[in-house]
Amino acid sequence: MRLVYGLMSLGVVLLSVSAPSAAAELWLHPQCRQLPTDTLGPFVTLGDGRILAVHDTQALISADEGVTWQSSPIFKEGENVSISTERALCRTRNGAIIVAFMNMREEDWRWNSQTHDADPGTRLPNCVIRSLDDGKTWQDFQKLHDDWTGAVRNMLQTRDGRVVFTSMRLLNRPGRHSVLTYSSTDDGLTWKPSNILDLGGNGHHDGATEATVEELRDGRLWKLIRTNLGVFWQAYSEDGIYWRTMGPTTIPASSAPGLLKRLASGRLMLVWNRPFPEGQTEYPLTGGDCQWSEVPVSNHRGELSVAFSEDDGKTWTAPVVVARQPGASLAYPYVYERTPGVLWLTTMQGGIRVTFNEADLLSQ
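Residues numbered from 1 in each chain as written. Predicted model: local features only at pLDDT ≥ 70, side-chain atom pairs only at ≥ 80, totals over all residues. Heavy atoms only, no water.

Trainee: Help me understand unusual backbone geometry in this model?
Mentor: Leaving glycine aside, a negative phi is the common case for residues, and trans is the common case for peptide bonds. The amide bond that connects G41 to the next residue, P42, takes the cis arrangement and shows omega of 0 degrees. Structurally, P42 is set in the loop between β4 (33-34) and β5 (44-45). Between R173 and the following residue, P174, the backbone shows a cis peptide bond with an omega angle of 0 degrees. For H116, which is not glycine, the phi dihedral falls at a positive 55 degrees. Under the relative-accessibility criterion, H116 is labelled partly exposed at 21%. Phi is positive for Y332, close to 65 degrees, though the residue is something other than glycine. Along the chain, the position of Y332 falls in strand β29 (residues 331-339). Owing to a relative accessible area of 6%, Y332 belongs among the buried residues under this scheme. (Helix = DSSP H or I, 4+ residues; strand = E, 2+ residues; numbered from the N terminus. Buried < 20%, exposed > 50% of the residue type's maximum accessible area, 1.4 Å probe, protein only.)

Right, dumping it as structure tokens:
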């Protein structure tokens, strides 16, 4: 018997069908060129034009467009800290480099399949650290919360100087995730948490998860939230501290995170996984048992798509598939605008490392 889950507002229906048994060969859009590095983003541009990334316990700096990297330690000897592959990075206008991450050295996952909840002691702390000398030395390490932090997706500095990044917190009874932001008005020295956004649900991959945030032209912050409901949900804030407006978007999305990026052109770019392969209207469902999720959901990640918006997300260009590998997971994107209109795209899952021109994908 096939399970049917309808999303009537989108005019689509999800059907459980046979999933690909093995990953096919990776296909990249013809306008995508391989980067000369396996280094995973996010990246920032230093004051002298070099590129900085982070990995595990190290800061990585490249002076030759990513061909080679010099590493140096971020943490003091003996500190029990390791930066997650899910992380956010920002260089403020005053030159402070801020990294937000989960400390993998303190990871303790205790999901209870009988109670459909996390047992006491479950933790993955959300931490931050910053550098005031372009990555030579690091200071002001702090833990913002001990709760299980499923992801830290991206960080930005608003026009008024506030630094904001997205985070998560695991909730209980029933077990599910929620999202929040942390905000700083002093270049990452101190932080204030926002209210928590909770969509309910039950499962170790359910609830509101893995949000991405950008600033709109009117000064509001716009958050797109991964859900198991077939579309991104959205929330708006005037200051990154209080999120008082929330609801579903009309952007079909797999149960996977998107990444919003304001480009130098003024456009918004969205990189994400759609719920079905291009040209199809169905994909196998998972979940629905209150382990992964309360409702069945598409976890399609075999394609990564890009779209652009000229009007702050009200309308979008037709999605362009930039990478395809049926049976694989091409997900958790990071976007870096190396120079105006020249974009680097890397993914935590699937190992995508490509560069392309904004104009070339706009013309598709």
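Trainee: Honestly, the pairing of strand β28 (residues 320-324) in this entry has me stumped. Any pointers?
Mentor: In summary, the side chains of a regular strand alternate between the two faces of the sheet. Counting buried residues along β28, four of its five residues qualify, which places the element largely inside the surrounding structure. Sheet topology places strand β3 (residues 27-28) next to β28; two bridges connect them, and they run antiparallel. Within the sheet, the bridge partner assigned to W27 lies in β28 and is R324. Note that strand β27 (residues 303-309) and β28 share four bridges and pair antiparallel. Bridging from a neighbouring strand, L304 pairs with A323 of β28. (Pairing = 2+ DSSP bridges.)

Trainee: Hey, could you run me through the confidence of the model for the protein chain in this one?
Mentor: Low pLDDT marks stretches whose predicted atomic positions should not be read closely. Considering every residue of the protein chain, the mean pLDDT works out to 93; 94% of them sit at 70 or more. Residue range residues 1-21 is modelled with pLDDT below 50. Its contacts to residues more than four positions away, or to other chains, number 46 contacts. (pLDDT = per-residue confidence, 0-100. Contact = heavy atoms within 4.5 Å.)

Trainee: Can you walk me through the pattern of salt bridges in this structure?
Mentor: Close approach of charged atoms allows side chains with opposite charge to pair. If you walk through the whole model with that rule in mind, you get 22 salt bridges. Of the charged contacts, one joins E86 and R153 as a salt bridge, the two residues approaching to 2.9 Å between their closest N and O atoms. Here E86 is found in strand β9 (residues 83-91), whereas its partner R153 is found in the loop between β14 (139-145) and β15 (155-157), with 67 residues between them in sequence. Across the pair, R153 and E86 agree in class, each one buried. When the shortest N-O distance is used, the salt bridge between E210 and R226 registers 2.5 Å. You can see E210 sitting in strand β19 (residues 209-215) and its partner R226 sitting in strand β20 (residues 221-226), a full 16 residues away along the chain. R226 shares its class with E210; the two are buried. (Salt bridge = Lys/Arg side-chain N within 4 Å of Asp/Glu carboxyl O.)

Trainee: Which parts of the structure should I look at to understand the sheet that holds strand β13 (residues 126-131)?
Mentor: Pairing between the strands of a sheet is mediated by backbone hydrogen bonds and can be parallel or antiparallel. Taken together, four strands build an open sheet; the order of strands is β9-β10-β13-β14 and the sheet is antiparallel. Since the sheet does not close on itself, it has two edges, and those belong to β9 and β14, each with one partner. Geometrically, the sheet is characterised by an average inter-axis angle of 20 degrees between neighbouring strands, direction not taken into account. In this sheet, β14 lies alongside β13 in antiparallel orientation, the contact comprising four bridges. When the bridges of β14 are listed, C127 appears paired with K143. (Axes fitted to C-alpha atoms, helices over the stretch in contact; angles between N-to-C directions.)

Trainee: Just checking my understanding: could you explain the pairing of β29 for this structure?
Mentor: Counting buried residues in β29 gives eight out of nine residues, a clear majority hidden from the surface. Note: β29 against strand β30 (residues 342-349), seven bridges, orientation antiparallel. Within β30, the position partnered with Y336 by the bridge is W344.

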